[in-house]
Amino acid sequence: MASRSRTRSRSRSRSRSRNDYKRGRDHSRSPMSNRRRHEGNREDPVPSKCIGIFGLSLYTSERELEQEFKKFGPMEKVQVVLDGHSGRSRGFAFIYYENVEDATEARNAMSGAEMDGRKIRVDFSITKRPHTPTPGMYMGR
């Protein structure tokens, strides 16, 4: 039996330009891609009942956030955002207050404060709605 060489040349006979890869696909194929998720901008967000808390420790719980932020007014919901695969915190959370005034007071008082040894940033959410859940795996071609 004759032995074959397993090494192959990795160079291509024809080089491709960047434009060859795009071929008319200049936007997402997702059916949800025409929906905008963000309103306003990060530098000057529009006041809303929902505030985002960023820079959290991975170990900060919803209960701890509720204890720290309930002094500003009644809350509808506290939600720490979790990684879908590991179930661990992604280091940020959202708190929904019953009114904009309480959310504004919490933002002003807590931005730059320290929680679990980490300096947090608190700002109004610029996301209009929760992100559409995905299957958690790459579904591309």
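Residues numbered from 1 in each chain as written. Predicted model: local features only at pLDDT ≥ 70, side-chain atom pairs only at ≥ 80, totals over all residues. Heavy atoms only, no water.

Engineer: An account of unusual backbone geometry is requested, with residue identities and associated values reported.
Structural biologist: One non-glycine residue, aspartate 116, adopts positive backbone phi at about 50 degrees. Looking at aspartate 116, the relative accessible area reads 42%, which means it is partly exposed. (Buried < 20%, exposed > 50% of the residue type's maximum accessible area, 1.4 Å probe, protein only.)

Engineer: With reference to specific residues and values, describe the sheet that holds strand β1 (residues 50-54).
Structural biologist: Taken in spatial order, the 4 strands of this open sheet run β2-β3-β1-β6, and their pairing is antiparallel. Of all the strands in the sheet, just β2 (75-82) and β6 (121-124) have a single pairing partner and so form its edges. On average, adjacent strands in this sheet sit at an angle of 20 degrees to one another, irrespective of strand direction. Here β1 runs beside β6; their pairing, made up of 4 bridges, is antiparallel. Its bridge partner being in β6, isoleucine 51 is matched across the sheet by phenylalanine 124. Set on the sheet, helix α2 (residues 62-69) makes contact with β1, β2, β3 (89-97) and β6; between it and β2 the angle comes to about 140 degrees. Sitting on the sheet, helix α3 (residues 100-110) touches β1, β3 and β6, and the angle it makes with β6 is about 155 degrees. (Pairing = 2+ DSSP bridges. Helix = DSSP H or I, 4+ residues; strand = E, 2+ residues; numbered from the N terminus. Axes fitted to C-alpha atoms, helices over the stretch in contact; angles between N-to-C directions. Contact = heavy atoms within 4.5 Å.)

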